[in-house]
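# Observations on chain architecture
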Amino acid sequence: MHAHTGTNCFVISLLAALPLGLGLLMPASAQTVLADQSLTEAVPDDTIVSMEEALSYIAEEHDVTFLYQPGVLADLHVPARKALPARLHGQLDRLLHPHNLHYEQVGERSYAIVPRAEANPRPAPVSRIQTGTLTGRVTQTDGTPLPGVQVVLQGTPIGTTTDTEGRYTIEDIEAGTYTVRATFLGYAPAQAEVTIEADATVEQNFELREDVMQMEGAIVTGTRQERTQREATSSISVIQGADIQRIQPNSQADILRSVPGVHTEGGGGEVAANVFVRGLPAPGQFKYNPIQEDGMPVISETRTTTSSQDIYFRNDLNVEQLEFVRGGSAALFGVGSPAGLLNYISKTGGSSQETTLRTQVGQDNLYRLDFNTNGPLGENLRYNLGGFYRYDEGPVVSGLATRGLQLKGNLTYLQDNGYIRIYAKYLDDRNQFFLPFPHDQQTGEAADGNDGREITTVNARGAADFSFRSPNGVFQSEMGNGIVANGTSFSVEVSQDLGSDYTFESRTRWTDMDHQFNIFIPFPAFQNPFDYAADFIDAPTEQAVWQYANSTETFDPGTPGNPNFIIDQGAWNWDRPYTDFSTDVQLTRTLDTGTTPHDITVGGFFARTEVTQRDTHSSVLNEFADQPRLIDLFIADTATGDTTRVTQNGLSNAASVYVNNEFASNKAAGYIGDEISIGDDLRLDIGARYELRQATIVSEGSEAVGENGEFGDALAVQGFQWGNGQFTRRSVRSTDFAVSVGANYALTDVLNLYGVGSRGYFFPELASLAPLVEPGAEIGDLDNEEFLQGELGLKAGSPSLSGTLALYYTELNNRFSADPRQNPDTGLIEIVPEQIGGSRTLGVELTGAVVPSFAEDFQLNGMFTFQDHEFTDFEEFTGNWIQRQPKVMAQAELAYDSGGLDVSISGKYTGKRFGDEANFQELEAYTIVNAGLGYTIGFSDEQSLRIGLRAFNAFNSRGLTEGDPRLPADVDPSDQPFFNARPILPRRIKASLTYRL
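Parameters and conventions
Residues numbered from 1 in each chain as written. Predicted model: local features only at pLDDT ≥ 70, side-chain atom pairs only at ≥ 80, totals over all residues. Heavy atoms only, no water. Helix = DSSP H or I, 4+ residues; strand = E, 2+ residues; numbered from the N terminus. Buried < 20%, exposed > 50% of the residue type's maximum accessible area, 1.4 Å probe, protein only. Contact = heavy atoms within 4.5 Å. Areas by Shrake-Rupley, 256 points an atom, 1.4 Å probe, with all protein chains shown as cover. Polar contact = N/O pair within 3.5 Å; in protein donor to acceptor, adjacent residues only side chain to side chain. Phe/Tyr/Trp six-rings, centres within 6.5 Å; stacked < 30°, edge-to-face > 60°. Lys NZ or Arg CZ within 6 Å of the ring centre and 35° of its normal. Salt bridge = Lys/Arg side-chain N within 4 Å of Asp/Glu carboxyl O. Pairing = 2+ DSSP bridges. pLDDT = per-residue confidence, 0-100. Patch = residues over 30% accessible without salt bridge, like charges linked within 9 Å, V, L, I, M, F, W, Y side chains within 5 Å. 1 Å grid on protein atoms, 1.4 Å probe; cavity = no way out; pocket = protein on both sides within 12 Å on 5 of 7 lines; lining within 4 Å. Points joined across faces, edges and corners; volume = space filled by probe spheres on them. Nonpolar A, V, L, I, M, F, W, Y, C, P; charged D, E, K, R; others polar. Domains from an automatic or database assignment. Lys, Arg positive; Asp, Glu negative; His and termini not counted. Charge placed at Lys NZ, Arg CZ, Asp CG, Glu CD. Core = buried A, V, L, I, M, F, W, Y, C linked by side-chain atoms within 4.5 Å.

For the chain, the count of helices and strands is eight helices and 60 strands. Considering the chain as a whole, with its 997 residues, one finds that 58% of them fall into the buried category. Excluding contacts between residues fewer than 6 apart, the proportion of contacts in the chain whose partners are at least 24 apart in sequence is 68%. Surface accessibility of the chain: about 38200 Å² in total, with carbon and sulfur atoms responsible for 52%.

Spelled out as structure tokens, the structure:
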């Protein structure tokens, strides 16, 4: 079967179709007379060309592929006017119908030309040359057939694709020697040399191995035109959805652990993971590397509040793959992405029905059910639908459960010149979140509570539903819900080939999300109950009386010399709903100037984000214990018999901080890029982006209320902070630009050299500016954060060995920090916005994947990162390590997959870090070992059942992901017997059943 270029192939799913056109660009020898002249000029009515020449022009005009057996078009000629620019299907009808031929769409942009079944077959022409036949079968390494694989004779337009059994046949091949190449998305290509003899059939089978690092797979993130990862001019890591499901991740941190240059902290639970890229100082939570869903941001005004972006995104069976672009070029492709960009790409339906069901159980009452199904709904309609429900009382047992569900789908309408795709998502999820808790200063291990049991969390179940009266009525705590995301999003994606070398793409997304972030925030790690009570005792006749809240049981404070400690900690209720509308439109023109074709893209981005921030910072008094109970304090006067109630059902302060803000942000950005090909080996990427943000902040002031006891007799509800009805409005305007220049040069067929330099920016977070708009306060002339980055590296990809090497430099200027810190005067945690110096990082990243020739069922993967980072222009902290950032990270994984059995074991080493900017608190290095085991049973009709077992932190290693970053910068935590720290999550074993049909 011949192929004229655009995209793809015969009886192929859309998923298989995506990368294939990259490997089928027509050689110069195949260009025709029609392709060399402009048909927009007058063409004489009597100009006759071959059918192949006409199809060659149409393929180039519409960027599609035609596949056909050689004999089908032999000796056919048509008037040239029938190939004049027009709608694709109209052109094909005019060309083919008179010759008893018709076309069948077999891919997103590919068509097979075949004889009409009902027509009398046309006698085959008398062959003037000797021909033969090539046939064979393409399978995976375990023998499973691969349908939709592209099989071509290199250097010719002859090719076909495999059927549902993985078989292919190419007839009427002129006798001679050829190189046959088989390619398929997600697999390393394979090729072989064959000799075709006259009137003979040659069999050539292929066994495709999964692309060990996805070097030959197509990427769409960080580039305006689809290309392979090896051809990209920046660092990109691709993680397939199947690999994400195999590791059964707890959070985004687990997924990203293997990415070089990225440090992750997942000790908080399933959401709000901390992700740090290339040593940049950040509070984590995707500040400089936001999350996209199918090319659009989950929220356009990044860091409007301190809520993490992964709160609005969940992994499930919908995910086709994750593309993580690292480095400065990401700033051109997304809002708020100067250091990187994570783009999760959803599955879309193909031409055949596929369904996956998975059930999962785990320790601590984890139960989860996932499903995903996709396929055709008609000739031009495809769908994908999936989701999950999950209930989980772990991985740290606090008595408060994680529970929720997601439904997500898309519908694709295929057109002659492109497609229209609609996405929809419904999310209703509640996640428990775990913050630092007391650790022993001498051992570094979790502290033992008053009862001698080790503390694993200070999340207090008794604080799940406290309430108190306020000026607005009864305030009801939502602490039991943890982190809440409940809402919907809708997206529309349009891709159109406009002809004349123009393509148009647009994406529009709308999100309406109710969101709460209810967390137990640590204050000092412990307090002496006698010292605590002394603040409320005014006379010698007064004494403290302690009891458990909502109980008559007495709490024993111990003795002054041997006290039973208490913890006064925050129970913060944050209510932060938002709506977000964003649209991205781009027009690309392909200019073929001979040896240096250009793909020039001009585009624009617009977003409107509205966020409400209602924060109430309450405090509760706990015992010093695991899963602590709330305690109450009373002051009894033995002389008068009077009793003063200090706390109310464990509540020690109804609201030390009250926040009521409204944010509205409009963003508009324009960008231009040119992707240039110089010869066959050199690619240049040049791009620039200019962005404007205009925002308003409306902030309500606060005042002390209840001093006269109108809300209760406990001191906890007297004099707490509440809104005063006085609002301040302020406008914020920010502008900036990003530029990036990159190059990629193919040194060999499997080795590429690349380099990129960039300048990016990050606007100050609106929530951080809100404290500055109180009456009488002024927003100073804050500079945008500036990022200067450079990178030089190598990328290698072959069936048995793939790897990358990158040297990088990252410089941050005008650093803007808005981290929560403890006020040394009040002991309370407050947001402290300040512009403080910058940072610098020099680093090297190395990745590799090896499939040994002597043991092809094994695969060894590895990653190593060294980064020399330091603060710059940061007062007395200049030259210090950047807090929470290691200088050394390494990972190794050994995997085995054969005969239905798959086994893997991996270890991730994270070097030492410092928990604070002053580098007082050193956090020791740790290693997490994960292991997996699975067995797949194959049934008829390509159905299968996989039984899986996965162990996270298999050896139950101990290690601290962060110290107490909320302490004042000049406070040394080693001066106290206990300090707050958050450890890595404990060992957890999960089992799963996955059924595919």
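Further notes follow.
Our next topic: the environment of D163. Structurally, D163 is set in the loop between β9 (159–161) and β10 (167–174). Considered as a pair, D163 and P145 are 18 residues apart in the sequence and their alpha carbons are 9.1 Å apart. If near-sequence neighbours (up to four positions away) are discounted, D163 is found in contact with L146, P147 and G148. Reaching out from D163, the side chain makes a polar contact with the backbone nitrogen of E165 at a distance of 2.9 Å.

What follows concerns the packing of aromatic side chains. Throughout the structure, instances matching the rule amount to 28 aromatic pairs. Seen in terms of ring centroids, Y312 and Y578 are 4.9 Å apart; in terms of plane orientation they differ by 65°. Their pairing is edge-to-face. Of this pair, Y312 sits in the loop between β21 (296–297) and β22 (319–326) while Y578 sits in strand β38 (residues 578–591); the two residues are 266 residues apart in sequence, bridging distant segments of the chain. Relative accessible area serves as the criterion here: at 4%, Y312 is assigned to the buried category. Of the residues examined, Y578 reaches a relative accessible area of 3% and is grouped as buried. The interplanar angle of 70° and the centroid separation of 4.9 Å between the aromatic rings of F871 and F874 together place this pair among those described as edge-to-face. In this structure F874 comes out as buried when scored by relative accessible area, which is 3%. Three or more aromatic residues link up through ring pairs in this structure, and these residues are F468, F475, Y658, F711, F720 and W722. Here the guanidinium or amino end of R576 rests over the ring plane of W574, the centre of that ring lying 3.9 Å away.

Attention now moves to the pattern of salt bridges. Tallied over the full model, the rule gives 45 salt bridges. The residue R608 makes a salt bridge to E610 at a minimum N-O spacing of 2.9 Å. Judged by relative accessible area, which is 37%, E610 ranks as partly exposed. D902 serves as the salt-bridge partner of R946, at 2.7 Å between the closest nitrogen and oxygen. Taken as a pair, R946 in strand β57 (residues 944–952) and D902 in strand β53 (residues 901–910) lie far apart in primary sequence, 44 residues in all. In this structure, R946 and D902 share a single accessibility class: buried.

Two modes of strand pairing occur in sheets, parallel and antiparallel, and in both the strands are linked by backbone hydrogen bonds. The mixed open sheet is built from five strands, whose spatial order is β17-β22-β23-β20-β21. Pairing within the sheet leaves two strands with one partner each, and these edge strands are β17 (235–240) and β21.

Mean pLDDT for the chain: 85, with 86% of residues reaching 70 or above. Predicted confidence is poor over residues 118–127, with pLDDT under 50, and the contacts of this stretch with residues over four places away or in other chains come to nine contacts.

On the surface, a cluster of nonpolar side chains totalling about 820 Å² of accessible area is made up of Y745, L747, L753, L792, L794, L805, L807, L846, F864 and F866. Along the polypeptide, L846 turns up in strand β50 (residues 838–850).

The next point concerns unusual backbone geometry. Omega for the bond connecting G394 with P395 falls within 30 degrees of zero, at 0°, which places this linkage in the cis form. Considering the arrangement of structural elements, one finds P395 in the loop between β26 (381–392) and β27 (402–415). Phi is positive for N365, which is not a glycine, with a value near 60°. With respect to the element layout, N365 can be found in the loop between β24 (354–362) and β25 (366–376). In this structure N365 comes out as partly exposed when scored by relative accessible area, which is 33%. At E875, a residue that is not glycine, the phi angle is positive and equals roughly 50°. Topologically, E875 is positioned in the loop between β51 (858–872) and β52 (888–898).

Before going further, it helps to spend a moment on empty space enclosed by the protein. According to the stated counting rule, one finds 13 cavities of 30 Å³ or more in the structure shown. As a volume, the second largest cavity reaches approximately 370 Å³. Along the wall of the second largest cavity there are 30 residues; nearest its centre are P249, N250, S251, E270 and R368. If you list the elements that add at least two residues to the lining of the second largest cavity, you get α5 (241–247), β24, β25, β26 and β60 (988–996). Within the lining of the second largest cavity, the residues separate by chemical class into eight nonpolar, twelve polar and ten charged. Of the residues that make up the lining of the second largest cavity, three or more belong to each of domain 3 (218–346) and domain 4 (354–772 + 781–996).

Let us now look at a negative patch on the surface. On the surface, D163, E165, E354, D941 and E942 cluster together to form a negatively charged patch. Tracing the backbone through its elements, the reader meets E165 in the loop between β9 and β10.

This brings us to the nonpolar core. I255, L256, Y288, L322, Y344, F517 and I519 are the most contacted members of the largest nonpolar core, which totals 55 residues. Ranked by the residues each element gives to this core, the list is headed by strand β33 (residues 502–521), at four residues. Both domain 3 (218–346) and domain 4 (354–772 + 781–996) contribute no fewer than three residues apiece to this core. Among all residues touching L322, those that are not within four sequence positions of it are S237, V238, I239, I244, I255, L256, L342, N343 and Y344. Of all hydrophobic cores here, the second largest spans 23 residues; its members include F466, F475, L651 and A714.

Moving on to the pairing of strand β18 (residues 262–265). Going residue by residue along β18, you find V262 and T264 tucked away on one face and H263 and E265 tucked away on the opposite face as well. Looking at chain direction, β18 and strand β19 (residues 274–277) are connected through four bridges and run antiparallel. Across the sheet, E265 pairs through a bridge with N274, a residue of β19.

This part is about the side chain of T588. You can see T588 is positioned in strand β38. Owing to a relative accessible area of 3%, T588 belongs among the buried residues under this scheme. At a separation of 2.8 Å, a polar atom in the side chain of T588 contacts the side chain of T601.

Let's shift gears to the environment of V659. Residue placement: V659 occurs in strand β42 (residues 651–678). C-alpha separation for the pair V659 and S702, spaced 43 residues apart in sequence, amounts to 7.7 Å. Setting aside chain neighbours within four positions, we find V659 in contact with Q613, R614 and D615.

Here the focus is the side chain of T696. Turning to its location among the elements, T696 is positioned in strand β43 (residues 682–705). The buried category is assigned to T696, whose relative accessible area is 19%. Apart from residues no more than four positions distant in its own chain, T696 is found in contact with E662, F663, A664, R729, R730 and S731.

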